[in-house]
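# Chains, contacts and geometry: an overview
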Amino acid sequence: MNAADGEPEPIPVVRDVDYGTAKLLPDVDRRRAWLLTVDGAPQSYVDLDDPAHLEFEYARRLGHVVDCLGDEGAALDVLHLGGGALTLPRYVAATRPGSRQDVVEADRGLLALVAEHLPLPDGSGIAVHGADGRGWLEAAADGSVDVLVADVFGGSRVPAPFTTLAYARQVARVLRPGGTYAANLADGAPFAFLRSQLATFSAVFPHVALVAEPAVLRGRRFGNAVLLASREELDVAELARRTARDAFPARVEHGVALRRFVGDAKPVADADAVPSPEPPGGSFSVG
């Protein structure tokens, strides 16, 4: 029992889901907070008492992106490809009440686990769908969302269908004219995957930016990077200010510096698409 409140101590939950073995691990420092892993790779962190708390650095950066869009606190229409434990949808619901959000996650077993142990509050405005993300995107209406967030991982790799020029064109079709695309990616030097993704989205969108820690951008370690794309100019100055204040500060690359980083990389055709690289030495593994 928890001596402070008389509730039983939370215990880990382990379950086989559609694409691996999922674990929900309680955080000893936060009473109703949980870490979700699938096959040892961290997927999500959720604090049920404080949905605005974003533990993972990449999640904070996605949160900063959302915070920089439109008027502060204004409701948004958001499509999330990849669900995990619904960390970012919970954040948007808490910080932008009235938002309408669709979350598309292919692993129905994972969705059932999350719904059972980390339920959404009533009236959250979040609709969860067990479906293939690429197929859902292709069936979505033109100009139907303000923000499209891609956080799609098969284990610790981004699946190939979410990396191509045809996919980027579908993203552009579904976004409203002033809409923003944000994707959580992972790579390391020499950045063949990340450079190809920037080239792919630069072929479709006039404004592209990248948010990552300097150590990752310099090739010192494998890590996450957030790719942004929009038809309208991104508020990179405000985003840079916010990411610089994080515990692990990030840099926002855009313009000439980003084009230099991309170099001679080419957009990715569906026939040539491959998943993102496997993290070396289990970079993101949790025991």
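Counted under the stated rule, the structure contains 20 salt bridges. The salt bridge partner of Arg 30 is Asp 50, with a shortest N-O separation of 3.4 Å. Taken as a pair, Arg 30 in the loop between β2 (20-26) and β3 (33-38) and Asp 50 in the loop between β4 (41-47) and α1 (57-67) lie far apart in primary sequence, 20 residues in all. For Asp 50, a relative accessible area of 32% puts it in the partly exposed group. Its salt-bridge partner being Asp 67, residue Arg 242 comes within 3.8 Å of it at the nearest N-O pair. Taken together, the residues span a long stretch of sequence, with Arg 242 in helix α8 (residues 236-244) and Asp 67 in helix α1 at a distance of 175 residues. Looking at Arg 242, the relative accessible area reads 22%, which means it is partly exposed. Taken together, the salt bridges that share partners define one network made up of Asp 67, Glu 238, Arg 241 and Arg 242.

This part takes up the packing of α1 against α8. At a closest axis distance of 10 Å, the pairing of α1 and α8 adopts a crossing angle of 145 degrees. Handedness of the crossing formed by α1 with α8: right-handed. Listed contacts from α8 to Arg 61, His 64, Val 65 and Asp 67 of α1 are Leu 239, Arg 242 and Thr 243. Residue classes in the contact of α1 with α8 are distributed as two nonpolar, two polar and three charged.

Within the secondary structure, Ser 230 is located in strand β11 (residues 223-230). Given a relative accessible area of 2%, Ser 230 falls into the buried group.

With mixed pairing, eight strands are arranged side by side in an open sheet as β7-β6-β5-β8-β9-β11-β10-β12. Two strands close off the open sheet at either side, each with one partner strand: β7 (126-130) and β12 (251-254). Taken pair by pair, the neighbouring strands of this sheet meet at an average axis angle of 15 degrees, ignoring direction. One ladder, built from eight bridges, connects strand β9 (residues 175-187) with β11; its direction is antiparallel. Opposite Ala 183, over in β11, you have Leu 227 as the bridge partner. Docked against the sheet, helix α2 (residues 87-95) engages β5 (77-81), β6 (100-105), β7 and β8 (145-150), running at close to 175 degrees with respect to β6.

What follows covers the sheet that holds β3. Pairing in this open sheet of four strands is antiparallel, and the strands run β1-β2-β3-β4 from one edge to the other. In this open sheet, the two edge strands, each paired with only one partner strand, are β1 (13-17) and β4. Across the sheet, the mean angle from the axis of one strand to that of its neighbour is 20 degrees, orientation sign disregarded. Pairing of β2 with β3, which is carried by five bridges, proceeds in the antiparallel orientation. Along β3, the bridge assignment pairs Ala 22 with Val 38. In this fold helix α3 (residues 108-117) packs onto β1, β2 and β3, with an angle of close to 155 degrees to the strand it touches most, β1.

Here we come to the packing of aromatic side chains. The final tally for this structure, using the stated rule, is seven aromatic pairs. Their ring planes at 75 degrees and their centres at 5.6 Å tell us that Phe 162 and Tyr 167 sit as a pair that is edge-to-face. Residue classification places Phe 162 among the buried residues on the basis of a relative accessible area of 9%. Given a relative accessible area of 0%, Tyr 167 falls into the buried group. Residues Tyr 167 and Phe 201 carry aromatic rings whose centres are separated by 6.2 Å and whose planes lie at 80 degrees to one another, so their mutual orientation is edge-to-face. Pair noted here: Tyr 167 is in helix α5 (residues 165-174) and Phe 201 is in helix α6 (residues 192-202), with a separation of 34 residues, a long-range link. Cluster of aromatic residues (ring-pair linked, three or more members): Phe 162, Tyr 167, Tyr 181, Phe 201 and Phe 205.

A few words now on α1. Extensive coverage of α1 is indicated by the burial of nine of its eleven residues. Of all the positions in α1, only Glu 57, Tyr 58, Ala 59, Arg 61, Leu 62, Gly 63, His 64, Val 65 and Val 66 are classed as buried.

Within α6, nine of the eleven residues are buried, leaving the element largely enclosed by the surrounding structure. Those residues of α6 that fall on the buried side of the exposure criterion are Phe 193, Leu 194, Arg 195, Ser 196, Gln 197, Leu 198, Ala 199, Thr 200 and Phe 201.

Judged by nonpolar contacts, the single largest core of 39 residues is most densely connected at Leu 81, Leu 148, Tyr 167, Val 171, Tyr 181 and Phe 201. If sequence neighbours within four positions are ignored, Leu 81 has contacts with Val 104, Gly 133, Leu 137, Leu 148, Val 149, Ala 150, Asp 151, Val 152, Phe 162 and Tyr 167. In terms of nonpolar packing, the next biggest core, distinct from the first, is built from 29 residues, Leu 62, Ala 209, Leu 228 and Val 236 among them.

How each quantity is defined
Residues numbered from 1 in each chain as written. Predicted model: local features only at pLDDT ≥ 70, side-chain atom pairs only at ≥ 80, totals over all residues. Heavy atoms only, no water. Salt bridge = Lys/Arg side-chain N within 4 Å of Asp/Glu carboxyl O. Helix = DSSP H or I, 4+ residues; strand = E, 2+ residues; numbered from the N terminus. Buried < 20%, exposed > 50% of the residue type's maximum accessible area, 1.4 Å probe, protein only. Axes fitted to C-alpha atoms, helices over the stretch in contact; angles between N-to-C directions. Left-handed = near helix turned anticlockwise from the far one by under 90°. Contact = heavy atoms within 4.5 Å. Nonpolar A, V, L, I, M, F, W, Y, C, P; charged D, E, K, R; others polar. Pairing = 2+ DSSP bridges. Phe/Tyr/Trp six-rings, centres within 6.5 Å; stacked < 30°, edge-to-face > 60°. Core = buried A, V, L, I, M, F, W, Y, C linked by side-chain atoms within 4.5 Å.

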